[in-house]
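# Architecture at a glance
Okay, here's what each chain looks like letter by letter:
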Amino acid sequence: MSGLQTDITLDKFNTLRLKSIAKAYIKLETLTELNEIAELSKQYPKFFILGGGSNLILPEYYEGLVVHNHLKGITIDSVDSEFKTITAMAGENWDEFVAFCCENEAHGLENLSLIPGTVGASPIQNIGAYGVEVKDFISHVSVFDLTSKSIKQLDNASCKFSYRNSYLKNNPQYIVISVTFKLPRKIKLNISYGDIATQMATIESPTPLDLRNCIIKTRQSKLPNPAEIGNVGSFFHNPIITTNDAENLRQKYPDLPVYDLEDKGYKKISAGWLIDKLGLKGYRSENVGVYPKQALVLVNYEPASKSDILALAEMIKEKVANNYGVRLNIEPIIL
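To keep things clear, this report deals only with the structure shown in the data block. (Residues numbered from 1 in each chain as written. Predicted model: local features only at pLDDT ≥ 70, side-chain atom pairs only at ≥ 80, totals over all residues. Heavy atoms only, no water.)

With that out of the way, let us pick up the sheet that holds strand β14 (residues 240-242). Sheet architecture is open: three strands sit in the order β14-β16-β15, paired in antiparallel fashion. This sheet does not close on itself; its edge strands, each paired only once, are β14 and β15 (258-260). Strand-to-strand, the axes of this sheet are offset by a mean angle of 45 degrees, without reference to chain direction. Sheet analysis places β15 next to strand β16 (residues 266-269), joined by three bridges and oriented antiparallel. What sits directly across from Asp260, in β16, is Lys267. Against the sheet, helix α6 (residues 243-252) touches β14, β15 and β16, its axis set at about 95 degrees to β14. (Pairing = 2+ DSSP bridges. Helix = DSSP H or I, 4+ residues; strand = E, 2+ residues; numbered from the N terminus. Axes fitted to C-alpha atoms, helices over the stretch in contact; angles between N-to-C directions. Contact = heavy atoms within 4.5 Å.)

Laid out in structure tokens, this is it:
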């Protein structure tokens, strides 16, 4: 197939900036290429779909096919008195899409500003930040089934969204083609999250753009720029534990951040707080470490390998488990 490359370095395609080489690599730029890619995928023992590379831990050598999703385009499908329906192709940059929605008076995604990656990754991970999850605004996801070589639409319920998870994440035979969002026209800012509420309180009659700018400023103050230091943002999920266990921990640690969930039997607690209170913020072990400004972020000071970053993660998980009786789960996908 034209465009197929072999032994391609993936260093610049993953924000953790791990040294990695793929046995085979190809860009997906048009829908007409999907059938050929389906056939090509059969020739390799494994494959994965690469987007922005912002949530991946890559091996030094990937013995398979990498399909780099570069499908582009954004369309406003429909407008009524309450909603704007907007479809974005999977290869679109996520933050640029959020900016597009904000400029076109389609609201709700402002809290997800500056999250790295592509639109196609957003439903797979059910990305979330500052009290908002993308699942609340997705109408449906168009996917290509590599097995049947057919395009399908998965509605919101079929995506089986949960905390940083989805049906798509667990069914890699699907290539996300596009995501369709149903976004409110009426402004309803979600500013209940901690320091965001404090900052927004200083603005008279705040707008969605004000909220977006506030989110961007906050993220930039706490999270490292992948262009300057390798990272995948939040490295661990915030643990979800029983309400009883959460209350027991809060009795022992009164300042532990605890968040309510729809299921009253469970609470979400802050993984970053757990790590920080162990004195690990700023910890460094040779070429990897914990970011000095945010304990939830592991960084690659370069050159680090997959084994280096995972060894650090396991040390942190063990210390958290021993001290709090809580198990941390790694958020990025490990290949």
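There is more to say, and it comes next.
Next up on the list: helix α2 (residues 94-103). In terms of burial, α2 is largely enclosed, as seven of its ten residues are buried. For α2, every residue scored as buried is listed here: Trp94, Asp95, Phe97, Val98, Ala99, Cys101 and Cys102. Considering only its buried residues, α2 is in contact with β6 (74-79), β7 (83-89), α3 (121-125), β12 (174-184) and α5 (208-222). The distance from a side-chain oxygen at the start of α2 to the backbone nitrogen of Asp95 is 3.1 Å, and the residue carrying that oxygen is Asn93. With its phi angle positive at about 55 degrees, Glu105 sits one or two positions after the end of α2. (Buried < 20%, exposed > 50% of the residue type's maximum accessible area, 1.4 Å probe, protein only. Polar contact = N/O pair within 3.5 Å; in protein donor to acceptor, adjacent residues only side chain to side chain.)

This part takes up unusual backbone geometry. Of note, the amide linkage connecting Glu302 to Pro303 takes the cis form, showing an omega dihedral of -10 degrees. Along the chain, Pro303 falls in the loop between β19 (297-300) and α8 (306-324). With a phi angle near 50 degrees, Lys160 is a residue other than glycine that sits in the positive phi range. Unlike most non-glycine residues, Glu286 shows phi in positive territory, near 55 degrees. Using a relative accessible area of 67% as the deciding quantity, one classes Glu286 as exposed.

On their own, these measurements won't tell you what the molecule is for.
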